[in-house]
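Each chain, written out:
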Amino acid sequence: MHDFDWSKVDAMTDAQIIEAAKSDPDSSLPTEKELAEFDLVIPAKARREKKHGKPPKEAAE
């Protein structure tokens, strides 16, 4: 596994990240129509933790 320097990504604006994704031939950004078809799924562990009053954990890096 390779380490990744997230500081470069952290220094980018949302607009810069979106433009970088659009210019990447391996990237596929969903359309508004596709996004509307997605269902939000909250993992069972997060639902249990919320039910028991535990604060949410940060996303894994």
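Higher on the page you've got the structure.
I tried to follow the overall build of the chain on my own but got confused; where do I start?
Per the secondary structure count, the chain includes four helices and zero strands. Starting at the N terminus and walking to the C terminus, you meet the elements of the chain as α-α-α-α. By the burial criterion, 2% of the 61 residues in the chain qualify as buried. Summed over all atoms, the accessible surface of the chain reaches about 6,500 Å², with 56% contributed by carbon and sulfur.

What is the right way to look at the pattern of salt bridges in this model?
It is possible for side chains of opposite charge to pair when their charged atoms get near one another. Applying the stated criterion across every chain yields a total of one salt bridge. A salt bridge links Lys-22 to Glu-19; its shortest N-O distance comes to 3.8 Å. Of this pair, Lys-22 and Glu-19 both sit in helix α2 (residues 14–23), three residues apart, which is roughly one turn of that helix. Judged by relative accessible area, Lys-22 falls into the exposed class, the value being 56%.

Rules of the game
- Residues numbered from 1 in each chain as written.
- Predicted model: local features only at pLDDT ≥ 70, side-chain atom pairs only at ≥ 80, totals over all residues.
- Heavy atoms only, no water.
- Helix = DSSP H or I, 4+ residues; strand = E, 2+ residues; numbered from the N terminus.
- Buried < 20%, exposed > 50% of the residue type's maximum accessible area, 1.4 Å probe, protein only.
- Areas by Shrake-Rupley, 256 points an atom, 1.4 Å probe, with all protein chains shown as cover.
- Salt bridge = Lys/Arg side-chain N within 4 Å of Asp/Glu carboxyl O.

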